[in-house]
Amino acid sequence: MEPEVFEKWMMIALVGGLMAFMAFIIWDLAKKSKAGRLGTAILFLGLGLCLFAFLAKPIIGYIIEVSQGIPH
């Protein structure tokens, strides 16, 4: 396996694991603070927004490349 392919898969796996762990931390924080449904939603919205942005960046980049005809 070439190093570039290995790096790509490890980036996906490890960053994905880190994001899942961060979601667990937010959920645990909401549970321990007895935030309720609205409080939990606000916590996930506020603290989880960076996770969404990290996921959205490559998707938006791909959409722009395809619409402009840029080869990947």
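Bear in mind the structure is a predicted one, so any value in this text is a computation, not a measurement.

**Student:** It is not clear to me how the overall build of the protein chain should be interpreted in this structure. Could you clarify?
**Tutor:** Scanning the protein chain from terminus to terminus reveals two helices and zero strands. Compactness check: the protein chain gives a C-alpha radius of gyration of 17 Å against a globular reference of 11 Å for 72 residues, more than 25% above the reference. By principal-axis analysis of the C-alpha atoms, the protein chain measures approximately 50 × 30 × 10 Å. Expressed as a percentage of its 72 residues, the buried residues of the protein chain come to 10%. Charge separation in the protein chain, taken as the distance between the mean sites of 6 positive and 5 negative side-chain charges, equals 24 Å.

**Student:** So what exactly am I meant to see when it comes to the pattern of salt bridges here?
**Tutor:** Think of it this way: side chains of opposite charge can pair up when their charged atoms draw near. In this structure the tally under the stated criterion is one salt bridge. Linking aspartate 28 and lysine 32 is a salt bridge whose minimum nitrogen-to-oxygen distance equals 3.4 Å. Within this pair, aspartate 28 and its partner lysine 32 are both found in helix α1 (residues 3–32), separated by four residues, close to a single helical turn.

**Student:** So what exactly am I meant to see when it comes to the environment of isoleucine 12 here?
**Tutor:** With respect to the helices and strands, isoleucine 12 occurs in helix α1. Given a relative accessible area of 47%, isoleucine 12 falls into the partly exposed group. Through-space distance from the C-alpha of isoleucine 12 to that of glutamate 65 is 20 Å; in sequence the pair is 53 residues apart.

The rules behind each value
Residues numbered from 1 in each chain as written. Predicted model: local features only at pLDDT ≥ 70, side-chain atom pairs only at ≥ 80, totals over all residues. Heavy atoms only, no water. Helix = DSSP H or I, 4+ residues; strand = E, 2+ residues; numbered from the N terminus. Rg over C-alpha atoms; globule rule 2.2 N^0.38 Å. Buried < 20%, exposed > 50% of the residue type's maximum accessible area, 1.4 Å probe, protein only. Lys, Arg positive; Asp, Glu negative; His and termini not counted. Charge placed at Lys NZ, Arg CZ, Asp CG, Glu CD. Salt bridge = Lys/Arg side-chain N within 4 Å of Asp/Glu carboxyl O.

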